[in-house]
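# Tertiary structure, described
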Amino acid sequence: MDPGEALSLINERILGLTQYHLEPEPSATVKLNQNESPFDWPPQVKEEVADFCRRRPWNRYPNFIPDELKKKLSAYAGVEPDGIIVGNGSNEMLLVLMLSLASRERDVILCQPTFTVYRLLAAGVGATERVVYLDKNLGFDVDAICDAARRHKGAVLVLCTPNNPTGSFLSENDLKKILSVHTGFCICDQAYVEFGGYSAVPLLESNPNLIITRTFSKAFAGAGLRLGYMLGTPEIIGQINKIKLPYNINFFSEHVGGVLLSQTGTVRQRIDLIVRERDALFSVLSALPFDAVYKSAANFMMVRCSRKSELFSHLKNSGILVRDVSAYPMCENCLRVNVGTSAENKAFTDAVGEFFSPIRK
Ligand SMILES: Cc1ncc(COP(=O)(O)O)c(C=O)c1O
């Protein structure tokens, strides 16, 4: 078989997709492009983990069910262990959810612009994407979401709150209103909920069609671990668990997850710091001649600038990496920057100030 023939055997819906892509990183001293935490874990924490990894036999599989980690997550998130699945990043949880819930017969409603992975996964399982656009200020259009839910009965509705890349979020009342009319499953991606917005956990009890995904990659400063989880009612989670791969998290990540959950004091302090820095960053950026600066409940924010490409290059030449999100729907000329340490944020605002300075022009 020639390569062209083999290629033609790949599912048509996959061939039609544009790959999720991140530019290879130039050597940036200030990395503000992936919504990561700017704070690594101190050597004492890593030493304890290294010691565990040295002692733990590598020839044995991890626990079939990560019970200890689930117990700790249960205490942290306020959902019983039977209502939790742990996975290889929340991305894996989204994949498992799409495989379980969406299909050629079950559409997926997305509120665009939003996290790109949803539409790739929906396409992967053959589901039709139904789009509801955010409003002109890039906030959620709750009435339009309710209309879409009524129109596409039984569809899987994905709500990313706080939303990537806009930072907008849904309030408790918004979510209740949407859930009161929606007749299908609702996947609520709360990867950034530790930084702001409303945590949907209290809504699980009266909404068995609600499933929440969360992660260790952001507030818990564990993006390299690949550890995420979903929360739901035990009956539903029990069914979805059937399709999760066995041993999907390795013993290292399982162990580190438990260690990080014992450090919630440090995590809380860091969240408070990032939130303060975010609000200060918003004030500084709002005073500069951007076309728009979008208020965010997450650890990042989006700006719109008619000279976006020039600004991106200026930042890159200053050793600062941000994310160009201008290809997302409604995000023409937009850049997304995540909150870093105070020094990183100052380097960023100084470079942006210099860009806009009349002397430079
Ligand atoms: C909204 C959203 N959901 C999920 C993820 C994936 O997170 P994880 O690292 O847990 O796979 C990201 C990553 O940036 C994200 O922005």
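Located above this text is the structure these notes cover.
Residues numbered from 1 in each chain as written. Predicted model: local features only at pLDDT ≥ 70, side-chain atom pairs only at ≥ 80, totals over all residues. Heavy atoms only, no water.

Every buried residue of helix α7 (residues 142-151) is listed here: Val142, Ile145, Cys146, Ala148 and Ala149. Considered in projection along α7, the buried side chains sweep an arc of 160 degrees and stay on one side of the axis. On its buried face, α7 sits against β3 (108-112), β4 (129-133), β5 (156-160) and α8 (172-181). (Buried < 20%, exposed > 50% of the residue type's maximum accessible area, 1.4 Å probe, protein only. Helix = DSSP H or I, 4+ residues; strand = E, 2+ residues; numbered from the N terminus. Arc of directions from axis to C-beta. Contact = heavy atoms within 4.5 Å.)

A word on the sheet that holds strand β13 (residues 334-338). Sheet architecture is open: four strands sit in the order β9-β10-β13-β12, paired in antiparallel fashion. Two strands bound the open sheet, and with one partner strand each, they are β9 (292-294) and β12 (323-324). By the bridge criterion, five bridges tie strand β10 (residues 300-304) to β13 in an arrangement that is antiparallel. Note on β13: the bridge partner recorded for Met301 is Val337. Against the sheet, helix α12 (residues 308-317) engages β12 and β13, with an angle of about 30 degrees to β13. (Pairing = 2+ DSSP bridges. Axes fitted to C-alpha atoms, helices over the stretch in contact; angles between N-to-C directions.)

In this section: the site of the ligand. What surrounds the ligand is a group of 14 residues, the closest being Ser90, Asp189, Tyr192, Thr215 and Ser217. A distance of 2.5 Å is found between an oxygen atom of the ligand and a side-chain nitrogen or oxygen belonging to Thr215. Contact with the protein chains hides 92% of the accessible area of the ligand, taken as 400 Å² for the molecule alone. Looking at the shell around the ligand, its residues break down into five nonpolar, six polar and three charged. (Near = heavy atom within 4 Å. Polar contact = N/O pair within 3.5 Å; in protein donor to acceptor, adjacent residues only side chain to side chain. Areas by Shrake-Rupley, 256 points an atom, 1.4 Å probe, with all protein chains shown as cover. Nonpolar A, V, L, I, M, F, W, Y, C, P; charged D, E, K, R; others polar.)

Taking every second residue as pointing to the same face, both faces of strand β2 (residues 84-87) are buried, with Ile84 and Val86 on one and Ile85 and Gly87 on the other. Sheet analysis places β2 next to strand β8 (residues 228-231), joined by four bridges and oriented antiparallel. Along β8, the bridge assignment pairs Val86 with Tyr229.

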